[in-house]
Amino acid sequence: MTTYWCERAWLPDGVADAVRIEVADGRIVSVAANTARTGTVLNGLTMPGFANGHSHAFHRALRGRTHHERGTFWTWRERMYSLAARLDPDSYYRLARGVYAEMVLAGYTSVAEFHYLHHGPGGTPYASPNAMGDALRQAARDAGIRMTLLDTCYLAGGIGVPPDEVQQRFSDGSAENWAERVALMKEDDQFRVGGAIHSVRAVPEYELPKVDDAVPEDRPLHIHLSEQRAENEQCEAAYRWTPTGLLWDYGVLGERLTAVHATHLTEQDIKWLGDSRSGACFCPTTERDLGDGIGPARSLLDAGVRLGIGSDSNAVVDAFEETRALELDDRLASEERGRFTADELLAAGTEHVSAGWPENGTIAAGAGADLVTVAMDTVRTAGIEPSGVLFAAAAADVRTVVVAGREVVRDGAHVLIERPETLLAKEIEALWQF
Ligand SMILES: N=CN[C@@H](CCC(=O)O)C(=O)O
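Parameters at a glance
- Residues numbered from 1 in each chain as written.
- Predicted model: local features only at pLDDT ≥ 70, side-chain atom pairs only at ≥ 80, totals over all residues.
- Heavy atoms only, no water.
- Near = heavy atom within 4 Å.
- Polar contact = N/O pair within 3.5 Å; in protein donor to acceptor, adjacent residues only side chain to side chain.
- Areas by Shrake-Rupley, 256 points an atom, 1.4 Å probe, with all protein chains shown as cover.
- 1 Å grid on protein atoms, 1.4 Å probe; cavity = no way out; pocket = protein on both sides within 12 Å on 5 of 7 lines; lining within 4 Å.
- Sits in = over half its atoms within 2 Å of the grid points.
- Helix = DSSP H or I, 4+ residues; strand = E, 2+ residues; numbered from the N terminus.
- Nonpolar A, V, L, I, M, F, W, Y, C, P; charged D, E, K, R; others polar.
- Pairing = 2+ DSSP bridges.
- UniProt positions renumbered as here; feature names shortened; annotations may be inferred.
- Points joined across faces, edges and corners; volume = space filled by probe spheres on them.
- Expected span 1.5 Å × (residues − 1).
- Salt bridge = Lys/Arg side-chain N within 4 Å of Asp/Glu carboxyl O.
- Buried < 20%, exposed > 50% of the residue type's maximum accessible area, 1.4 Å probe, protein only.
- Axes fitted to C-alpha atoms, helices over the stretch in contact; angles between N-to-C directions.
- Contact = heavy atoms within 4.5 Å.
- Core = buried A, V, L, I, M, F, W, Y, C linked by side-chain atoms within 4.5 Å.
- Domains from an automatic or database assignment.
- Buried area = accessible area lost by both parts, 1.4 Å probe.

**Brief notes about the site of the ligand**
Stage number 1. Looking at the ligand, there are 14 residues lining it, with Arg-77, Tyr-116, His-198, Arg-201 and Asp-312 nearest.
Stage number 2. In this structure, an oxygen atom belonging to the ligand sits 2.8 Å away from a side-chain N or O atom of Arg-201.
Stage number 3. Considering the ligand on its own, with 330 Å² of exposed area, one finds that the protein chains cover 99% of that surface.
Stage number 4. Judged by the fraction of its atoms near the pocket grid, the ligand is located in the largest cavity.
Stage number 5. The biggest single contributor to the shell around the ligand is helix H1 (residues 73-84), with four residues.
Stage number 6. Counted by class, the shell around the ligand contains five nonpolar, five polar and four charged residues.

**As for the sheet that holds strand E1 (residues 2-11)**
Stage number 1. The eight strands lie next to each other as E3-E2-E1-E4-E13-E14-E15-E16, forming an open sheet whose pairing is mixed. The open sheet is flanked by strand E3 (27-32) and strand E16 (413-414), the only strands paired with a single partner.
Stage number 2. Two elements, strand E15 (residues 406-410) and E16, share two bridges in a ladder whose sense is antiparallel. Within E16, the residue paired with Arg-410 across the bridge is Ala-413.

**Details of the environment of Glu-385**
Stage number 1. Note on placement: Glu-385 falls in the loop between strand E13 (371-374) and helix H13 (389-392).
Stage number 2. Along the primary structure Glu-385 and Glu-7 are separated by 378 residues, whereas in three dimensions their C-alpha atoms are 14 Å apart.

**Observations regarding the UniProt feature "domain: Amidohydrolase-related" (unreviewed entry) in the protein**
Stage number 1. Under the present numbering, the feature "domain: Amidohydrolase-related" (unreviewed entry) in UniProt falls on residues 47-408.
Stage number 2. For residues 47-408, helix accounts for 35% and strand for 17%, while the C-alpha atoms at its two ends are 15 Å apart.

**Re empty space enclosed by the protein**
Stage number 1. Taken as a whole and assessed by the stated rule, the structure comprises four cavities of 30 Å³ or more.
Stage number 2. If you add up the space inside the largest cavity, you get close to 170 Å³.
Stage number 3. Around the largest cavity, the lining comprises 17 residues; the ones closest to its centre are Phe-73, Trp-76, Met-80, His-198 and His-224.
Stage number 4. The dominant element in the lining of the largest cavity, judged by the number of residues it contributes, is H1, at five residues.

**Considering the UniProt feature "domain: Formimidoylglutamate deiminase N-terminal" (unreviewed entry) in the protein**
Stage number 1. In the numbering used here, UniProt assigns the feature "domain: Formimidoylglutamate deiminase N-terminal" (unreviewed entry) to residues 4-36.
Stage number 2. Secondary structure across residues 4-36 divides into 0% helix and 76% strand, with the first and last C-alpha atoms of the span separated by 11 Å.

**A short note on helix H11 (residues 319-334)**
Stage number 1. Its 16 residues give H11 an end-to-end C-alpha distance of 23 Å, which sits within 8% of 22 Å, the value for a rise of 1.5 Å per residue.
Stage number 2. For H11, the side-chain oxygen to backbone nitrogen distance between the N-cap and Phe-320 is 3.0 Å, and the N-cap itself is Asp-318.
Stage number 3. Backbone geometry just after H11 places Glu-335 at a positive phi near 60 degrees.

**Observations regarding the pattern of salt bridges**
Stage number 1. All chains considered together, the criterion is met by 33 salt bridges.
Stage number 2. As a salt-bridge pair, Asp-188 and Arg-137 come within 3.8 Å of each other at their nearest N and O atoms. Note that Asp-188 is positioned in the loop between helix H4 (175-182) and strand E8 (191-197) and Arg-137 in helix H3 (residues 131-143), a separation of 51 residues in sequence.
Stage number 3. Of the charged contacts in the structure, one is a salt bridge between Lys-210 and Glu-207, with a shortest N-O distance of 3.2 Å.
Stage number 4. With relative accessibility at 34%, the residue Lys-210 sits in the partly exposed group.
Stage number 5. When salt bridges that share partners are traced, they join Asp-134, Arg-137, Arg-141, Asp-188 and Asp-189 into one network.

**Concerning the sheet that holds strand E12 (residues 306-309)**
Stage number 1. If you walk across this open sheet you meet the eight strands as E5-E6-E7-E8-E9-E10-E11-E12, and the pairing is parallel. In this open sheet, the two edge strands, each paired with only one partner strand, are strand E5 (50-55) and E12. Strand-to-strand twist of the sheet, defined as the mean angle between neighbouring strand axes without regard to direction, takes the value 25 degrees.
Stage number 2. Here E5 runs beside strand E6 (residues 108-115); their pairing, made up of four bridges, is parallel. Paired with Phe-50 across the strands is Tyr-108, a residue of E6.
Stage number 3. Along the sheet, helix H2 (residues 89-105) contacts E5, E6 and strand E7 (146-153); its crossing angle with E6, the most-contacted strand, is approximately 140 degrees.

**Here we look at the environment of His-264**
Stage number 1. Residue placement: His-264 occurs in the loop between strand E10 (257-261) and helix H8 (267-275).
Stage number 2. Linking His-264 and Tyr-92, residues 172 residues apart in sequence, is a C-alpha distance of 32 Å.
Stage number 3. In this structure, His-264 is in contact with Ser-226, Glu-227, Gln-228, Arg-229, Asn-232, Asp-269, Asp-292 and Gly-293, ignoring residues within four places of it in sequence.

**Re the nonpolar core**
Stage number 1. Among the nonpolar cores identified, the biggest contains 111 residues, and Met-47, Phe-58 and Tyr-100 are the most heavily contacted of them.
Stage number 2. When residues of this core are assigned to domains, at least three map to each of domain 1 (2-48 + 361-414) and domain 2 (50-349).
Stage number 3. Sequence-distant contacts of Phe-58, defined by excluding residues within four places in its chain, comprise Met-80, Leu-83, Ala-84, Leu-87, Tyr-92, Leu-95, Tyr-116 and Leu-117.
Stage number 4. Formed by 14 residues, the second largest nonpolar core is a distinct cluster that contains Ala-16, Val-19, Leu-42 and Ala-369.

**Side note on the environment of Ile-309**
Stage number 1. For Ile-309, the position within the fold is in strand E12.
Stage number 2. Of the residues examined, Ile-309 reaches a relative accessible area of 2% and is grouped as buried.

**Here's the deal with the domain arrangement of the protein**
Stage number 1. We note that the domain assignment places domain 1 (2-48 + 361-414) and domain 2 (50-349) within the protein.
Stage number 2. Taking the mean C-alpha position of each, domain 1 and domain 2 sit 29 Å from one another.
Stage number 3. At the junction of the two partners, domain 1 supplies 28 residues and domain 2 supplies 24 residues.
Stage number 4. Taken together, the two surfaces of domain 1 and domain 2 that pack against each other cover about 2,000 Å², and 67% of this comes from carbon and sulfur.
Stage number 5. For the domain 1 face of the interface with domain 2, the top three residues by lost area are Leu-390, Phe-391 and His-414, together amounting to 32%.
Stage number 6. The interface formed by domain 1 and domain 2 includes one salt bridge.
Stage number 7. The partner of Arg-146 in a salt bridge is Asp-370, and the shortest N-O contact between them spans 2.8 Å.
Stage number 8. Counting only elements with at least two residues in the side of domain 1 that touches domain 2, the list comes to strand E4 (40-48), E13, H13, strand E14 (398-403), E15 and E16.

Right, dumping it as structure tokens:
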């Protein structure tokens with residue numbers, strides 16, 4: 001049994017003082033407030049670990065390298081493809097280890113990795129068919145973050161368009177082949193396997209239910225949905241449905257489905273997503289970076305949708321920035337303040353259901369022991385009310401991170417990986433060298 005004593009902790013009923021948290025076998029056993037100091041002391045404010053509901057680890061190598069030409073989402077995608085073409089299982093492992101270390105340092109304790117770079121050049125399978133997924137699993141394990149690998153079905157370059165040269169690396173040829181390969185992956189205590197449909201552009205309509213059926217009921221299924229208006233236009237031209245409508249028509253919406261981005265939605269789309277109790281994962285820092293637009297976060301929550309956040313392209317890895325952007329972007333769109341309560345924002349930042357760890361996301365007996373302690377005496381946090389932390393703190397204010405009862409970040413430094421920044425610099429420079 002390990003005992004943590006928190007100067008302050010954000011519990012389900014609000015922020016409490018002098019909180020003792022007892023942990024055994026990676027889970028929280030008991031929580032009590034107003035206790036005497038004992039065990040490992042966590043000064044500052046302790047919160048549940050953040051859930052990163054959407055990541056493409058390799059995009060991290062694009063950070064700070066896409067600003068020379070103005071371009072569009074689609075020209076950015078060309079550069080992203082040129083990066084994808086350079087990776088192999090060894091280089092992907094090394095890069096991803098640094099990326100996941102950055103995530104843990106920022107307070108994320110689980111990541112849902114939306115993984116579609118499956119095969120070698122020209123689409124040739126690796127001798128071990130899940131070599132790329134295994135590289136990600138190992139990188140997450142070595143960085144100490146929980147992972148749900150959302151193995152992604154990607155079969156087409158657009159509606160009715162065959163995959164191009166790079167996209168062949170993403171494609172298994174059919175949903176059946178995709179499902180056979182995914183079934184070979186084995187889970188462990190920190191690693192789960194879910195599924196994803198890349199988008200209604202990349203999976204033909206008749207394959208949608210096959211992907212849905214192949215993913216076990218208790219594992220998440222994600223899809224990129226209506227991030228760009230062009231997707232809606234192409235979908236409506238081909239199928240006479242919005243992307244959300246197409247999913248509704250094929251029975252793919254539901255509690256285990258998470259719509260990533262969900263930016264350009266109709267009132268009816270919002271109703272379908274809400275009525276089906278689907279999730280929506282907003283990735284505001286990437287959506288800004290790519291010029292996607294501002295999705296209807298408040299309306300989705302009001303309709304009954306589970307709201308979460310993701311770092312997506314990892315142009316920014318900062319759970320505080322991602323979470324407060326739900327409110328701040330909604331203020332810009334609505335011209336109103338106070339769109340979300342602090343508790344609603346915390347719930348979105350720690351939404352582990354979509355990330356594949358539904359037992360986590362709260363500091364309460366029975367939950368996984370994922371804790372993040374934020375310093376309240378930095379230049380950013382000094383003088384704030386504890387419940388205002390999501391509006392004031394940054395990733396740099398994270399001092400301690402505990403994942404499944406194990407300390408992975410101590411005094412703001414990663415315990416398992418020395419200087420992840422050196423690792424990232426070396427790998428990213430090597431990738432862009434040829
Ligand atoms: N944020 C967007 N990510 C997408 C972009 C490509 C696409 O939608 O076709 C991705 O990585 O797959």
